[in-house]
Structures are given as C-alpha cells and as structure tokens.
Amino acid sequence: MKQFILGTEGNQPFKITQMGVSHQHARITIGDDGVWTLEDLNSTNGTFVRGEDGEMRRVGTMVITPMTFICLGPSNANGCSFYAIHLQNTDFIEEFEYLNKLEDEFDAKEESSEKMARMMRLLIASASLIALVGSFVVSHGPLQLMLLRLGSAVSLLSTIFFNPAEKKKKLQVEREKFHACPNPKCAHTLRKNEIRAMQCSKCKCG
Ligand SMILES: [Zn+2]
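These remarks concern the structure in this document. In this convention, every chain numbers its residues from 1, walking through the sequence in written order. Per-residue local features are limited, in this predicted model, to residues with pLDDT of at least 70; the limit for side-chain atom pairs, both in listing and counting, is 80 or more; totals at the level of whole chains, interfaces and linings are taken over all residues. Remark: hydrogens and water are excluded; side-chain values derive from all non-hydrogen atoms of the structure.

Our next topic: the coordination of the zinc ion. Any N, O or S atom lying within 2.8 Å of the metal counts as a donor, with the limit raised to 3.2 Å for Na, K and Ca; because water is left out of the atom set, some sites can appear incomplete. Distances from the zinc ion to its protein donors, Cys 181 (SG), Cys 186 (SG), Cys 200 (SG) and Cys 203 (SG), fall within 2.3 to 2.4 Å. For the zinc ion, the 4 donor atoms in the first shell make angles of 105 to 114° at the metal, so the coordination geometry reads as tetrahedral. Read from N- to C-terminus, the donor residues coordinating the zinc ion fall into the pattern C-x4-C-x13-C-x2-C. Of this pair, Cys 181 sits in the loop between α3 (164–176) and α4 (192–197) while Cys 203 sits in the segment after α4; the two residues are 22 residues apart in sequence, bridging distant segments of the chain. Here a site with four donors is tetrahedral if all angles are between 85 and 135 degrees, and a site with four or six donors is square planar or octahedral if opposite donors are over 155 degrees apart and the other angles are between 65 and 115; anything else gets the irregular label. In this text, helices come from DSSP runs of H or I with a minimum length of four residues, and strands from runs of E with a minimum of two, each type numbered from the N-terminal end.

A few words on a nonpolar patch on the surface. On the surface, Leu 129, Leu 132, Val 133, Phe 136 and Val 137 cluster together into a nonpolar patch covering about 550 Å² of accessible area. Mapping Leu 132 onto the fold places it in helix α1 (residues 93–137). Within the patch definition used here, like charges are joined within 9 Å and nonpolar side chains (Val, Leu, Ile, Met, Phe, Trp, Tyr) within 5 Å, considering only residues with over 30% relative accessible area and no salt bridge. The protein chains shown are the only cover counted for residues, whose accessible areas, like all others here, come from Shrake-Rupley with a 1.4 Å probe. When a carboxyl oxygen of Asp or Glu lies within 4 Å of a side-chain nitrogen of Lys or Arg, that pair is called a salt bridge.

This paragraph deals with the environment of Ser 43. Considering the arrangement of structural elements, one finds Ser 43 in the loop between β3 (36–40) and β4 (47–50). Relative accessible area serves as the criterion here: at 8%, Ser 43 is assigned to the buried category. Separated by 16 residues in sequence, Ser 43 and Val 59 have C-alpha atoms that sit 11 Å apart. What Ser 43 contacts, discounting residues up to four positions off in sequence, is Ser 22, His 25 and Arg 58. Think of it in three bands: with a 1.4 Å probe and only protein chains considered, a residue is buried below 20% of the maximum accessible area for its type, exposed above 50%, and partly exposed in between. Should any heavy atoms of two residues lie within 4.5 Å, those residues are considered in contact.

To continue, consider the sheet that holds strand β8 (residues 80–83). Strands in a sheet are paired, the pairing made by backbone hydrogen bonds, and the direction either parallel or antiparallel. When DSSP locates at least two bridges between a pair of strands, those strands are taken to pair. Judged by pairing direction, the sheet is antiparallel, and its 4 strands sit side by side in the order β5-β4-β7-β8 without closing on themselves. Taken across any chain shown, the strands that pair with only one partner, and hence form the sheet edges, are β5 (56–59) and β8. Taken pair by pair, the neighbouring strands of this sheet meet at an average axis angle of 30°, ignoring direction. Across 4 bridges, the pairing between strand β7 (residues 69–72) and β8 is antiparallel. Following the sheet pairing, Phe 69 is matched in β8 by Tyr 83. Angles here are taken between N-to-C directions and fall from 0 to 180 degrees, while the axes themselves are lines fitted to C-alpha atoms, restricted in helices to the stretch in contact.

Next up on the list: the environment of Phe 82. You can see Phe 82 is positioned in strand β8. By relative accessible area, which is 0% here, Phe 82 ends up buried. C-alpha of Phe 82 to C-alpha of Cys 181: the two residues are 99 residues apart in sequence and 7.8 Å apart in space. Among all residues touching Phe 82, those that are not within four sequence positions of it are Leu 6, Phe 14, Thr 68, Phe 69, Ile 70, Leu 72, Pro 182 and Pro 184.

Quantified by volume, the largest pocket comes out at close to 370 Å³. Lining the largest pocket are 18 residues; nearest its centre among them are Gly 51, Glu 52, Tyr 98, Leu 102 and Phe 178. When residues of the lining of the largest pocket are traced back to their parent elements, those giving at least two are β4, β6 (61–64) and α1. Here the lining of the largest pocket gets 5 residues from one element, more than from any other, and that element is α1. Within the lining of the largest pocket, the residues separate by chemical class into 10 nonpolar, 3 polar and 5 charged. How far each domain reaches was decided by an automatic or database domain assignment. Each of two domains, domain 1 (2–87) and domain 2 (93–197), supplies a minimum of three residues to the lining of the largest pocket. Grid points spaced at 1 Å over the protein atoms alone were grouped into cavities, where a 1.4 Å probe fits but cannot get out, and pockets, open sets with protein on both sides within 12 Å along at least five of seven lines, with lining residues defined by an atom within 4 Å of a point. Grid points are joined across faces, edges and corners, and a volume is the space filled by probe spheres set on the points. When residue character is reported, Ala, Val, Leu, Ile, Met, Phe, Trp, Tyr, Cys and Pro are called nonpolar, Asp, Glu, Lys and Arg charged, and the others, Gly included, polar.

This part covers the packing of α1 against α3. Between α1 and α3, the least distance of the axes is 11 Å, while the angle of their chain directions is 170°. Taken together, the axes of α1 and α3 lie roughly antiparallel to each other. For the pair α1 and α3, the contacting residues are Glu 103, Phe 106, Asp 107, Lys 109, Glu 110, Ser 113, Glu 114 and Ala 117 in the first and Pro 164, Lys 167, Lys 168, Leu 171, Gln 172, Glu 174 and Arg 175 in the second. Class assignment of the residues belonging to the contact of α1 with α3 gives a composition of 4 nonpolar, 2 polar and 9 charged. Should an angle lie under 35 degrees it is considered roughly parallel, over 145 roughly antiparallel, and from 65 to 115 roughly perpendicular; all remaining angles are considered oblique.

Here it is as structure tokens:
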C-alpha cells in the first residue's frame, strides 16, 4: 500500500504552494489491489473531482482512477489541479495522451453531429420541395391546402428545432471543460493546438 498526503506540507512528489490549499489537504491511498482512494482531510476550501460531464464536484471520500482530475481548493490560480497519475509520473506525457484521446472523442461527436445536420437539411429541403411542387400540380381542393400546410409546418418546425450552430457551440463549451493544463503549478486552459502539440504554452510542460 502507498499513501500520499497532499498539501502545502504534504509528501506528494511535487511541491504545492497555492494559497487555497491546506497544509494537509487530502490523502490518496493506492492499495495493494490497485484501488486508488481519495479522501478530503477536512480542508478549508474542499477537494473537487471532475465528473464525466466535465463538472467539478466536491467530494469527501471516493474511489478514483489514475486518470481522475483532482482540484485541491478553488479551480483558479489559488487552487491546485492535476491528474492523480502525476503522483507516479515526473512528466506529463500520459496526461497529454489522455487529453488527445478525449479530443478524438469530441472530434468524432462533432463529425457525427455535422452529418446529422446535413441529413436534416436534406430532409427539410425535400419536404419543402414536395409541398411547393405539389401545391402547384394540385391546383385546388383539400389536397392543395394540405400541401401548403405541410410546407409551412416544415419551415416552422425546422426553425424551432434545427439549430446546428447552437449545438456546435454547446459541444465546444463541453469540450473546454476538459482543457485544464495537467501541471499542478499551472492554471492555464489549454487550446486544442496545445493539446495536439502535447505542450502547454504557458508552463511548457509536456
Ligand atoms: Zn501549463
């Protein structure tokens, strides 16, 4: 079993100096069975863990993985955030590889949402065309009225429910929740090109 006390007076293999971190802030235990446990030691500003949705949540005691993103104290320059695996690594290669994997997943999500948008546009255009051409071909009667109504309904519904730009923006916001620099001394938000280049432009870690 291995145990690390994390804090400004902790025994973690890297120095923590941020003001928002307690002397003995949290503890990580790596059991002989390979199970990692994180425990807040009644710290002043709390211990936070990033969930799958990208949101940071305050925790007491919880089982984590080496790739759990932890924040001791506030999630700004006064706090200290890092991946648990950094207790075992001296570089940030594994962290950047993990960030690249996340980027690949977001790229795939974006691509499939663009594909969906193209299909929707085609569907909307086809329905409108059918309604338009149909209303000319059928010159009067209830069928023409139905076709005109179909045309209006399609354009109304597509305006309300089909908004690919908004969806793209939402995905971008979600993506940026995962863009924190893995270096515990750095509070920089990485850009996509920094992740792909596997180096932070601020602290030069990588
Ligand atoms: Zn950095």
